[in-house]
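Listed below are the residues making up each chain.
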Amino acid sequence: MKDTENGYGGVSILLHWLAAITMIALFLLGQAAEDAADSKRKTLLGLHISIAISMYLILVGRIGWRLYNGRPRVLIEQSQPLTLLAQWVPIILLAGLALMLLSGPIMVWSKGYSINVFGMINLPSPLGKMETLHEVMEALHKVGAKILFFSFILHMLGVLKHLIIDRDNTLKRMLAPSKKFSEK
Ligand code: HEM
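Per chain, residues are indexed from 1 in the order of the written sequence. Given that the model is predicted, a residue must reach a pLDDT of at least 70 before its local features are reported, and side-chain atom pairs must reach 80 or more before they are shown or counted; all residues, however, enter totals for whole chains, interfaces and linings. In computing side-chain values, all of the structure's heavy atoms are included and hydrogens and water are not.

**Section: the environment of Leu101**
Counting from the N terminus, the helices are DSSP H or I runs at least four residues long and the strands are E runs at least two residues long. Of note, Leu101 is situated in helix 3 (residues 80-109). Placed 47 residues apart in sequence, Leu101 and Ser54 show a C-alpha to C-alpha distance of 11 Å. The contact criterion used is simple: two residues touch if any of their non-hydrogen atoms lie within 4.5 Å. Ignoring any residue separated from it by four or fewer positions in sequence, one finds Leu101 in contact with Ala52, Met55, Tyr56 and Leu59.

**Re the packing of aromatic side chains**
Only Phe, Tyr and Trp rings take part, Trp by its six-membered ring, and two of them pair if their centres are within 6.5 Å. Stacked means planes under 30 degrees apart, edge-to-face means over 60, and tilted covers everything else. Taken as a whole and assessed by the stated rule, the structure comprises three aromatic pairs. Taking 5.9 Å as the distance between ring centres and 20° as the angle between the ring planes, the aromatic pair formed by Phe27 and Phe149 counts as stacked. One end of the pair, Phe27, is in helix 1 (residues 10-35); the other, Phe149, is in helix 4 (residues 131-166), and 122 residues separate them in sequence. The buried label goes to any residue with under 20% of its type's maximum accessible area, the exposed label to any with over 50%, and the partly exposed label to all in between, with areas taken from a 1.4 Å probe on protein chains only. The class of Phe27 is partly exposed, set by a relative accessible area of 27%. Residue Phe149 is classed as partly exposed on the basis of its relative accessible area of 38%. Considering the side-chain rings of Phe149 and Phe150, the 5.5 Å spacing of their centres and the 75° angle between planes classify their relative orientation as edge-to-face. On the basis of relative accessibility, which here comes to 54%, the residue Phe150 falls in the exposed class.

**Things to note about the UniProt feature "transmembrane region" (unreviewed entry) in the protein chain**
UniProt positions are given in the numbering used here, feature names are shortened, and annotations may be inferred rather than shown by experiment. In the numbering used here, UniProt assigns the feature "transmembrane region" (unreviewed entry) to residues 12-32, 44-65, 85-109 and 147-165. Structurally, residues 12-32 is divided into 100% helix and 0% strand, and its ends, taken at the C-alpha atoms, are 30 Å apart. Helix makes up 100% of residues 147-165 and strand 0%. Its end C-alpha atoms lie 26 Å apart.

**Let's talk about the pattern of salt bridges**
Salt bridges, as used here, are contacts in which a Lys or Arg side-chain nitrogen is within 4 Å of a carboxyl oxygen on Asp or Glu. Within the structure shown, the criterion is met by four salt bridges. One salt bridge connects Lys142 with Glu34, and the closest N-O pair in it is separated by 3.5 Å. Placement of the pair is Lys142 in helix 4 and Glu34 in helix 1, with a sequence separation of 108 residues. We classify Glu34 as partly exposed; its relative accessible area is 43%. Notably, a salt bridge pairs Lys161 with Asp166, separated by 2.7 Å at the nearest N-O pair. Look at Asp166 and you get buried, because its relative accessible area is 14%.

**Considerations on the environment of Trp109**
For Trp109, the position within the fold is in helix 3. The spacing of Trp109 and Ala37 is 72 residues in sequence and 22 Å in space, taken between C-alpha atoms. If we skip the residues at most four places from it in the chain, Trp109 touches Ser114, Ile115, Leu123, Pro124, Ser125, Pro126, Leu127 and Gly128. Separated by 3.0 Å, the side chain of Trp109 and the backbone oxygen of Leu123 make a polar contact. By the criterion applied in these results, polar contacts are pairs of N or O atoms within 3.5 Å in which, for protein atoms, one can donate a hydrogen and the other can accept it, and in which residues neighboring in sequence qualify only through two side-chain atoms.

**Quick look at the site of the ligand**
Proximity criterion: a residue is near a molecule or strand once any of its heavy atoms comes within 4 Å of it. Around the ligand sit 25 residues in total, of which Glu34, Arg41, His48, His141 and Lys142 are the nearest. Elements with a minimum of two residues in the shell around the ligand: helix 1, helix 2 (38-69), helix 3 and helix 4. Here the element with the most residues in the shell around the ligand is helix 3; it accounts for seven residues.

**With respect to the nonpolar core**
If you look at soluble globular proteins, the nonpolar side chains tend to sit buried side by side. Within this scheme, the nonpolar core is defined by two criteria: the residues are buried Ala, Val, Leu, Ile, Met, Phe, Trp, Tyr or Cys, and they are joined through side-chain atoms within 4.5 Å. Grouped together as the largest cluster of nonpolar side chains are 12 residues: Ala19, Leu26, Leu29, Ala33, Leu44, Ile51, Ala52, Met55, Ile58, Leu59, Leu97 and Leu101. Among the elements of the structure, helix 1, helix 2 and helix 3 are those that each provide at least two residues to this core. Examining the composition of this core, we find that six residues originate from one element, helix 2, more than from any other. Dropping the residues within four chain positions of it, Leu26 is found in contact with His48, Ile51, Ala52 and Met55.

**Considerations on helix 3**
Take the residue count of a helix, subtract one, and multiply by 1.5 Å to get its expected span. The end-to-end C-alpha distance of helix 3, which contains 30 residues, comes to 44 Å, matching closely the 44 Å that a straight helix rising 1.5 Å per residue would cover. Buried within helix 3 we find Val89, Leu93, Gly96, Leu97, Met100, Leu101, Ser103, Gly104, Pro105, Met107, Val108 and Trp109. For helix 3, the elements touching its buried residues are helix 1, helix 2, strand 1 (115-117), strand 2 (121-123) and helix 4.

What follows is the structure, given as structure tokens:
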């Protein structure tokens, strides 16, 4: 279950893929809602918002587990620019995610709407209608979506580089608890 020096345990792997799938689903749902006709837009946005609120739990789980567990060591030495990129891409991904999770609820609340989670939990607006704040948050949500998209592409390129050029276990150790894997 726990991470070791050489790789990730079951909890880290589960949280990573849960976060990845949820983020991709949110991205696609948000985009589809933007392009949809009014009647469909409401349903898609309702789903987008309900799933997005669940994302907070996944995020808290990930941060808590990382703080408790530390981090497996990096598999290979790389040039300085690549090391910097490998350090910064996950930070930019998290910053993009934080921007989405902050701007989303404020965008809804500043329109005067409450946030409804799967028809079960209702979070009324503590703000009331604030049109300018709504527009700023809407713009930030769009910028955050672009930051997430480009950092996701960089993340994928990094995975491909490890897989094709370095041929190391970077991807493998995020697919299965990796006590048994060696470095190469
Ligand atoms: C990881 C978290 C999230 C991701 C990846 C995400 C992604 C997106 C995307 C891609 C769009 C379409 C933006 C565009 O290009 O026009 C969008 C729109 C929207 N999102 Fe999110 N979102 C997230 C979190 C949230 C949260 C937490 C809320 C609210 C609780 C929310 C509420 C909305 C709303 C209301 C819109 C429609 C905005 C408009 O009318 O222009 N989102 N989201």
